[in-house]
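# A structural walkthrough
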Amino acid sequence: MNKGKVYLVGAGPGDYGLITLKGLDCIAKADIIIYDRLVNRDLLKNAKPGCEFIYVGKKSSNHIMAQDKINETIAESAAMGKVVIRLKGGDPYVFGRGGEEAEVLYDQGIDFEVVPGVTSSIGGLAYAGIPVTHRDFASSFHVVTGHAKKDDSLDINWESLAREKGTVVFLMGIGNIKHITKMLVSHGRDPKTPVAFVSNATNYRQRTVKTSLEDAYDCVQREGIKAPSLFVVGGVVSLSDKLGFYERKPLFGKTVMVTRTRKKNSELRQKISELGGKTFELPTIDIQDKKDIGKTLIERLESKRYSHIALTSHNSVDIFFKNLVKEGYDFRKLAGIKIASVGSATSRAIRRYGFLPDIESSQSTGQDLAGLILKDIGSGGFVSPSVLFPCSEIASRVMEEVMVSGQVDLDRVDLYTNTVNMAIKDELLEILKKEDIDYITFTSSSTVKYLVEILGDDKGLIRDIKKVSIGSITSQTIRDLGFELDIESDQASIDSMVSAILDDVIG
Ligand code: SAH
């Protein structure tokens, strides 16, 4: 029988982009992903539908048992013929018990591979502006566990470590910091040696605190430093003011909740994370194509010669074109039909299918676009103007009304259902209660209505979070539902929304 395969994959220290390409490929092909506490959860969104997730990161006093259980779960899953990804923070072989897990697989004859990762002990320091080596300060480095064994002893040669001129990095060292600093100093390390604590390295909560070796223990108490933290000892620490690029990013430490569908989110996520911010993506809308929509569209397109196709959302564009492709429609038949688009995000989506919009409204309203279409028709040259309007079932009727008033024939085709995604409720409440969210972005009226509907009696949880709207209609919905609007984007685009947030932060 096929025995399956296990990949021990390093997820990197936290920043979404710090996983390897191979690691990401593994996530995409996994049947089961067994992941730890320090793994960035956003990475899991790359899994295929139906992938099973097992979280084994619970902090447990019964750690030894838990590890046995983890090994067992991995082996059992692989024995069922599945592709199992054991996803671990940082690099799988740096203090993650990856070696033990691999041995179990070897012993049981289970096929496995290791995908190394960026370890926090090097990559985490880099994000804090601390190069682990530097010709002026350190020509070697040691990575040491600060985690004591059961009998409270650390199996460390303090003599040589204290004399070591290179950089020394302790992982899991916070609980034992008093002992660690005492041992280093008593074995001859200069008490004035610069040290730093880097907590939550490479993610939005990163914090770098510098002091001297002799003050390190007091510093942990004073500053409330907690795991996960790196403790780094050595002259390289002094470079962090100059080289600490990450904490200088303009949106560093800011949290943004994003309420639209997952796919579009990633653009917003990328832009915000590039600026150092963190997004929490919670798709409030569940979108489903209407049954046989491709066939319906083709019937319409063959029934008459349209002068215009109006597209008012990114989703409409995708669903329109993808379903035509699915039905084998020859796009040359669309030649000569003008394409009208709302906003730059919709236009960008249209361009991805090889079409250039002829008419683009910079406002996020169908009304504005309808006006532009009428104007175009008014400029003449159309024998029998008619507009195809493929849209969401909840798209506003204003497009039809304006066309009727201009005596232009319009065929509306509802492409997809657009319903409230109640499935996110638990995750949403957990995030709102646990995290300190700075901004919530709304990219349509539905995202506002649906978020409020999902929250129900808990809608007070978003009252004090700054609300960012993509345009005037969405802003109005925010106010109608009893909230204050804080920021309105100049244009209906992701870029414009991101710069509005940036302006607000920079002030
Ligand atoms: N395999 C991991 C380390 C696992 S041991 C790696 O290669 O990074 C867990 C310890 O690693 C934590 O207690 C902490 O000391 C350190 N650590 C892991 N990720 C961290 C992060 N993002 N920020 C600070 N320390 C981190």
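Residues numbered from 1 in each chain as written. Predicted model: local features only at pLDDT ≥ 70, side-chain atom pairs only at ≥ 80, totals over all residues. Heavy atoms only, no water.

Compared with an ideal rise of 1.5 Å per residue, which puts 13 residues at 18 Å, helix α13 (residues 366–378) spans 18 Å between its outermost C-alpha atoms and is within 8% of the ideal. Within α13, burial applies to G366, L369, A370, I373, D376 and I377. End-on view of α13: buried residues confined to an arc of 120°, all on one side of the axis. Counted as exposed and oriented over 90 degrees from the buried face of α13: K375 and G378. (Helix = DSSP H or I, 4+ residues; strand = E, 2+ residues; numbered from the N terminus. Expected span 1.5 Å × (residues − 1). Buried < 20%, exposed > 50% of the residue type's maximum accessible area, 1.4 Å probe, protein only. Arc of directions from axis to C-beta.)

What follows concerns the sheet that holds strand β10 (residues 229–233). One key point about sheets: their strands pair by backbone hydrogen bonds, in either a parallel or an antiparallel sense. Judged by pairing direction, the sheet is mixed, and its 5 strands sit side by side in the order β6-β7-β10-β8-β9 without closing on themselves. The open sheet has two free edges, formed respectively by β6 (141–145) and β9 (207–212), since each of these has just one partner strand. Shown here is a sheet whose adjacent strand axes are inclined to one another by a mean of 20°, direction ignored. The pairing of strand β8 (residues 194–199) with β9 spans 6 bridges and is antiparallel. Within β9, the position partnered with V195 by the bridge is T211. Contacts from helix α6 (residues 177–186) reach β7 (167–171), β8 and β10 within the one sheet, and its direction differs from that of β10 by about 10°. The strands that helix α7 (residues 216–223) touches are β8, β9 and β10; relative to β9, the one it contacts most, it runs at about 145°. (Pairing = 2+ DSSP bridges. Axes fitted to C-alpha atoms, helices over the stretch in contact; angles between N-to-C directions. Contact = heavy atoms within 4.5 Å.)

Right, let's talk about α7 for a bit. One turn of the α-helix equals 3.6 residues, which is why residues spaced by three or four share an orientation. When we look at burial in α7, the residues that qualify are A216, C219 and V220. Seen from one end, α7 has its buried residues packed into an arc of 100°, which puts them on one side. For α7, the elements touching its buried residues are α6, β8, β9 and β10. One or two positions beyond α7, positive phi appears at G224, with a value near 60°.

This brings us to the sheet that holds strand β11 (residues 255–258). Pairing is parallel across the open sheet formed by 5 strands, whose spatial order is β12-β11-β19-β20-β21. Whereas interior strands pair on both sides, the edge strands pair on one side only; in this sheet they are β12 (278–281) and β21 (487–488). Bridging between strand β20 (residues 466–469) and β21 involves 2 bridges; their strand directions are parallel. When the sheet's bridge partners are listed, V468 is paired in β21 with I487. Contacts from helix α18 (residues 494–506) reach β11, β19 (439–442), β20 and β21 within the one sheet, and its direction differs from that of β19 by about 155°.

Let's shift gears to the domain arrangement of the protein. Partitioning the protein into domains gives domain 1 (5–117), domain 2 (122–243), domain 3 (255–284 + 421–506) and domain 4 (288–419). The straight-line distance from the C-alpha centre of domain 2 to that of domain 3 is 38 Å. (Domains from an automatic or database assignment.)

Near the ligand lie 17 residues; those nearest to it are V94, T119, S120, A201 and S229. At a separation of 2.9 Å, a nitrogen atom of the ligand approaches a polar backbone atom of D91. A distance of 2.7 Å is found between an oxygen atom of the ligand and a side-chain nitrogen or oxygen belonging to S120. Taken together, the residues that form the shell around the ligand break down as 10 nonpolar, 6 polar and 1 charged. (Near = heavy atom within 4 Å. Polar contact = N/O pair within 3.5 Å; in protein donor to acceptor, adjacent residues only side chain to side chain. Nonpolar A, V, L, I, M, F, W, Y, C, P; charged D, E, K, R; others polar.)

Here we come to the nonpolar core. Counting residues in each nonpolar core, the largest one holds 24 residues, and the members touching the most others are W158, L161, F170, L184, F197 and F231. Contributions of two or more residues to this core are made by α5 (158–163), β7, α6, β8, α7 and β10. It is α6 that contributes the most residues to this core, 4 residues altogether. Those residues in contact with L184, other than ones at most four positions away along the chain, are W158, L161, A162, F170, R189, L213 and V233. Core analysis: the next-biggest nonpolar cluster, separate from the first, contains 23 residues, L311, F355, L388 and L415 among them. (Core = buried A, V, L, I, M, F, W, Y, C linked by side-chain atoms within 4.5 Å.)

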